[in-house]
Amino acid sequence: MPGLTGLVVAITGAGQGIGRGLAQAFAAQGARLVLSDIDGPAAEATAAALRAADAEAMALRVDVRNADEAAAQVATAVRHFGRLDVMLCNAGIMQLKPLLELDAADWDRMLGVNVTGSFLTLQAAARQMLSQSPLAEGRPRGKVIQIASIAGRPGAAAIASVIAPYRASKAAVISLTQSAAITLAPHITVNAICPGLVDTDMWRAMDRDWTALQGLPQGEAWRQRVAGVPMGRPQTPQDVAGLALFLASPAADYMTGQSINIDGGLMMS
Ligand SMILES: NC(=O)c1ccc[n+]([C@@H]2O[C@H](COP(=O)([O-])OP(=O)(O)OC[C@H]3O[C@@H](n4cnc5c(N)ncnc54)[C@H](O)[C@@H]3O)[C@@H](O)[C@H]2O)c1
């Protein structure tokens, strides 16, 4: 993917799963990375593995719910690399629980990480990007990429009854993407990626909780969902990263406010 070498890219939730896959993909393109996670040692492990492969990567502990910590990630990028070109708001949580059993704490926890966290990360990045020069003449000053989900799209399958706060949180991220894109154009592009069924710890926990609820053998919820994917296999973090690389590249400079499904054809629109 041309145009990514030397870009300064920050990624939240980079200690495992999709965030770690994004870090590996951007490192392979020669980007310089500032990786964060609420699990500081996990973020550092991702960064250390990339440094061992000759990438420039540093790590810090960030809880995206905390505005000061979100700002610290941006400040770290500026202190070490002089600017921040791409902010990937990836950190997120999931909870599987029937709608009528949810309480306010469940709801607040989900929206706190997935919505407030994405907002604070985006806002901290945008403040820096507006103050810096464009990536090149005629190009944006920076780019924000949100990791939303097809769960944030309208329409409800059976699973909707047990992931209501998650679905609401991801719909909010799609909405935030549009508000931020219109606010920050033409200086910063803001787009969202909507993955489908990605093989990470998040889905392993969902399978465990969903099969327990339904009295099914462990692994069965995952197997049934994967069987419905037109592309015939689960998604990998690298599948998500391919779209992120495109959105970060000059080829996507004219794209903003979009939320793009990449889900093996699970949801077609
Ligand atoms: N796995 C999927 O099928 C799937 C599908 C669509 C969207 N997504 C989204 O992709 C993103 C990454 O998911 P994943 O599958 O890699 O999950 P994961 O659970 O494997 O990784 C999430 C990471 O976020 C970190 N994190 C959690 N709370 C945090 C906080 N408050 N501050 C900072 N970091 C925090 C965790 O420590 C972890 O490293 C999430 O936003 C998720 O909603 C996942």
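Predicted, not measured: the structure shown is a model, and the values here were computed from it.

Asker: How should the sheet that holds strand β4 (residues 86-89) be read in this particular structure?
Answerer: Within a sheet, adjacent strands bond to each other through the backbone by hydrogen bonds, running parallel or antiparallel. Taken in spatial order, the seven strands line up as β3-β2-β1-β4-β5-β6-β7 in an open sheet, and their pairing is parallel. In the strand order of this sheet, the two ends are held by β3 (56-61) and β7 (259-262), each with one partner. For this sheet, the mean angle separating the axes of adjacent strands, direction not counted, is 20°. Pairing geometry for strand β5 (residues 142-147) and strand β6 (residues 188-195), over six bridges, is parallel. The residue bridging Val 144 from the neighbouring strand is Val 190, located in β6. Helix α2 (residues 40-52) contacts β2 (32-37) and β3 of the sheet and is inclined by roughly 175° relative to β3. Of the strands in this sheet, β5, β6 and β7 are in contact with helix α5 (residues 164-184), which crosses β6 at around 165°.

Asker: What is the right way to read unusual backbone geometry from this model?
Answerer: Backbone geometry follows two general trends: most residues other than glycine have a negative phi, and most peptide bonds adopt the trans configuration. A cis amide bond, omega 5°, links Ala 185 with the succeeding residue Pro 186. For Asp 54, which is not glycine, the phi dihedral falls at a positive 75°. Following the sequence through the fold, Asp 54 ends up in the loop between α2 and β3.

Asker: What's the story with the pairing of β7 in this structure? I'm lost.
Answerer: Looking down a regular strand, the side chains alternate between one sheet face and the other. Only one face of β7 is covered, namely the face carrying Ser 259 and Asn 261; the face carrying Ile 260 and Ile 262 is uncovered. Of the pairings in the sheet, the one linking β6 to β7 comprises four bridges and is parallel in character. Its bridge partner being in β7, Ile 193 is matched across the sheet by Ile 260.

Asker: Help me understand the site of the ligand, please; the structure alone is not making it clear to me.
Answerer: Surrounding the ligand, one finds 30 residues, the nearest of these being Gly 13, Gly 17, Ala 91, Gly 92 and Thr 200. Elements that contribute at least two residues to the shell around the ligand include exactly α1 (17-28), α4 (104-130) and α6 (201-214). For the shell around the ligand, a count of residues per class yields 14 nonpolar, 11 polar and five charged. The residue makeup of the shell around the ligand includes at least three contributed by each of domain 1 (8-198 + 236-262) and domain 2 (199-234).

Asker: Please clarify how the domain arrangement of the chain should be interpreted in this entry.
Answerer: You'll often see interface size given as the accessible area lost when the parts meet. On domain assignment, one finds that the chain holds domain 1 (8-198 + 236-262) and domain 2 (199-234). Summarising the inter-unit geometry, the C-alpha centres of domain 1 and domain 2 are found 24 Å apart. Residue-level contacts link 10 residues of domain 1 with 14 residues of domain 2. For the side of domain 1 that touches domain 2, a count of residues per class yields seven nonpolar, three polar and no charged.

Asker: What is the right way to read the packing of α4 against α5 from this model?
Answerer: To describe two helices that pack against each other, one gives the angle between their axes and the distance between the axes. The contact between α4 and α5 brings their axes to 9 Å, and the two run at 20°. Relative to α5, the element α4 lies roughly parallel. Helix-helix and strand crossings are classified by hand; for α4 and α5 the assignment is right-handed. Together, Asp 106, Trp 107, Met 110, Leu 111, Asn 114, Val 115, Ser 118, Phe 119, Leu 122 and Ala 126 of α4 and Pro 165, Tyr 166, Ser 169, Lys 170, Ala 172, Val 173, Leu 176, Ala 180 and Leu 184 of α5 make up the contact between the two elements.

Asker: It is not clear to me how α2 should be interpreted in this structure. Could you clarify?
Answerer: In an α-helix there are 3.6 residues to a turn, and that puts residues three or four apart on one side. Between its first and last C-alpha, α2 extends 18 Å over 13 residues, near the 18 Å set by a 1.5 Å rise per residue. Residues of α2 that are buried include every one of Ala 42, Ala 43, Thr 46, Ala 47 and Leu 50, and no others. On an axial view of α2, the arc spanned by its buried residues comes to 140°, and they lie on one face. Summarising the geometry of α2, the exposed residues directed more than 90 degrees from the buried face are Pro 41 and Ala 52. Residue Asp 54 follows α2 closely and has a positive phi angle near 75°.

Conventions used here
- Residues numbered from 1 in each chain as written.
- Predicted model: local features only at pLDDT ≥ 70, side-chain atom pairs only at ≥ 80, totals over all residues.
- Pairing = 2+ DSSP bridges.
- Helix = DSSP H or I, 4+ residues; strand = E, 2+ residues; numbered from the N terminus.
- Axes fitted to C-alpha atoms, helices over the stretch in contact; angles between N-to-C directions.
- Contact = placed C-beta atoms within 7 Å.
- Buried ≥ 20, exposed ≤ 12 C-beta atoms within 10 Å, placed from the backbone.
- Near = placed C-beta within 6 Å.
- Nonpolar A, V, L, I, M, F, W, Y, C, P; charged D, E, K, R; others polar.
- Domains from an automatic or database assignment.
- Parallel < 35°, antiparallel > 145°, perpendicular 65-115°, else oblique.
- Left-handed = near helix turned anticlockwise from the far one by under 90°.
- Expected span 1.5 Å × (residues − 1).
- Arc of directions from axis to C-beta.

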